[in-house]
Amino acid sequence: MNRVSQTASQMTGGSLHGPLIAPADGLEARKHLLLSRPPPVIRVAVLDDHPVVALGIGAFLESRPGFHVVHRETSARSLLEKLAKQPCDVALIDFYLPLEPFDGVNYLRRVRRYHPNMAVITFSAGNRQETEYAAFRAGAAGYLAKQWGLVLLPDMIRGVVEANTPFLTVEDGQICSMEPTAPHALLTTSEVEVLRHIRQGLSVTQIARRLVRSKKTVSTHKRRAMRKLGLSDDLSLALYLRDKFAE
């Protein structure tokens, strides 16, 4: 190799067939490729007993980049069946499903048990203090009141998928990480759940059937809750539920 060729070879990184990319340039190129790739699509399931709501939320998310709505369901049982065949990253579940065999804490815990790697966001038109805390205790990763609209939903979904915080909610129009406080610090989640169903007009027998528990267990939860709240009879309980658990 003559001196001119040797010099050219050194300038091109050791090859006469063209310049090689310097290590630093290669790193920048790879970094650029990674940054230019679109983010992974988030698979979403929606459950609401009102078909218009389920379809509306699905259409809204599908119109946003980065989301694919896999399931739009109005039946609690149907959603579990569909998720068993085609899992999702996030499920948006209405807390109140009065016409379904199960809802609320009982259903959220069942979903979390069958799909521990799927994040759950609960949305509801009910009383925030009651439903938000109950959803948090049942394993939900976020809470979105229906009256807040859908504009914050995409960011909340991304937030629960990243799983950097234990629970996401909305405060002053902004998504934030905040552990909910109990409607009454002395009440257990089971007691809150029983009182919620009593507020809906269900009897002890109906609550036991809905929650798949014995009548004795439901009665015990009711009695303990009343004692903790200082309520002496069903009338005082009804007045308390009207003021504290109004939906």
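Scroll up to find the structure this text is about.
Thresholds, definitions, all that
- Residues numbered from 1 in each chain as written.
- Predicted model: local features only at pLDDT ≥ 70, side-chain atom pairs only at ≥ 80, totals over all residues.
- Heavy atoms only, no water.
- Phe/Tyr/Trp six-rings, centres within 6.5 Å; stacked < 30°, edge-to-face > 60°.
- Buried < 20%, exposed > 50% of the residue type's maximum accessible area, 1.4 Å probe, protein only.
- Lys NZ or Arg CZ within 6 Å of the ring centre and 35° of its normal.
- Salt bridge = Lys/Arg side-chain N within 4 Å of Asp/Glu carboxyl O.
- Helix = DSSP H or I, 4+ residues; strand = E, 2+ residues; numbered from the N terminus.
- Arc of directions from axis to C-beta.
- Contact = heavy atoms within 4.5 Å.
- Pairing = 2+ DSSP bridges.
- Right-handed = clockwise from strand over helix to strand, strands pointing away.
- Polar contact = N/O pair within 3.5 Å; in protein donor to acceptor, adjacent residues only side chain to side chain.

Asks: Got a minute to help me understand the packing of aromatic side chains in this structure?
Replies: Working definition: an aromatic ring pair is given by the centre-to-centre distance plus the angle between the planes. Using the criterion set out here, one finds 4 aromatic pairs in the structure. An angle of 80° between the planes, with centres 5.3 Å apart, marks the rings of Phe95 and Tyr96 as edge-to-face. Each member of the pair, Phe95 as well as Tyr96, carries the same accessibility label: buried. Taking 6.0 Å as the distance between ring centres and 90° as the angle between the ring planes, the aromatic pair formed by Tyr143 and Trp148 counts as edge-to-face. On the accessibility criterion, Trp148 (26% relative accessible area) is partly exposed. The ring of Phe102 has Arg110 lying over it, and the distance from NZ or CZ to the ring centre is 4.2 Å. The ring of Tyr114 has Arg113 lying over it, and the distance from NZ or CZ to the ring centre is 5.3 Å.

Asks: Looking at this model, I keep getting lost on the pattern of salt bridges. Mind explaining?
Replies: Note that side chains of opposite charge can pair when their charged atoms are close. In total, this model carries 11 salt bridges according to the counting rule given. Linking Asp89 and Arg43 is a salt bridge whose minimum nitrogen-to-oxygen distance equals 3.0 Å. Of this pair, Asp89 sits in the loop between helix H4 (76–85) and strand S3 (90–94) while Arg43 sits in strand S1 (residues 42–47), placing them 46 residues apart in sequence. The closest approach of N and O atoms between Glu191 and Lys228, which form a salt bridge, is 3.1 Å. Within this pair, whereas Glu191 is found in helix H8 (residues 189–199), its partner Lys228 is found in helix H10 (residues 215–229), the two being separated by 37 residues in sequence. Of the residues examined, Glu191 reaches a relative accessible area of 2% and is grouped as buried.

Asks: Help me understand helix H9 (residues 204–211) in this model?
Replies: Since one α-helical turn is 3.6 residues long, residues separated by three or four positions face the same way. Burial in H9 covers these residues: Ile207, Ala208, Arg210 and Leu211. All buried residues of H9 project into a common sector of 165° when viewed along the axis, lining one side. Those residues of H9 that are buried are in contact with helix H5 (104–114), H8 and H10. In the stretch just after H9, Val212 is the one whose phi turns positive, near 55°.

Asks: Explain H8 to me, please; I cannot follow it from the model alone.
Replies: Counting buried residues along H8, 10 of its 11 residues qualify, which places the element largely inside the surrounding structure. For H8, the full list of buried residues reads Thr189, Ser190, Glu191, Val192, Glu193, Val194, Leu195, Arg196, His197 and Ile198. Looking one or two places after H8, you find Gly201, whose phi comes out positive at around 95°.

Asks: Is there a simple way to explain the pairing of S1 in this structure?
Replies: Regular strands place their side chains on alternate faces of the sheet. A large share of S1 lies buried, amounting to 5 of its 6 residues. With 6 bridges connecting them, S1 and strand S2 (residues 67–73) associate as parallel partners. The residue bridging Leu47 from the neighbouring strand is Glu73, located in S2. Once the chain exits S1 it traverses helix H3 (residues 51–62) before rejoining the sheet at S2, and the crossover so formed is right-handed. Inspection of the sheet shows S1 paired to S3 by 4 bridges, in the parallel sense. Looking at the pairing, Leu47 lines up with Ile93 of S3.

Asks: How do you make sense of the pairing of strand S6 (residues 168–171) when you look at a structure like this?
Replies: In terms of strand pairing, S6 meets strand S7 (residues 174–177) through 4 bridges, oriented antiparallel. Its bridge partner lying in S7, Thr169 is registered against Cys176. Between the antiparallel neighbours S6 and S7 lie 2 residues, among them Asp172 with a positive phi of about 55°.

Asks: Would you explain the side chain of Asp48 in this entry?
Replies: With respect to the element layout, Asp48 can be found in the loop between S1 and H3. Residue classification places Asp48 among the buried residues on the basis of a relative accessible area of 0%. Side-chain polar atoms of Asp48 contact the side chain of Lys146, separated by 2.8 Å. Leaving out residues up to four positions away in the same chain, Asp48 has contacts with Val53, Ala54, Glu73, Thr74, Asp94, Phe123 and Lys146.

These results come straight from atomic positions and should not be treated as a statement about function.
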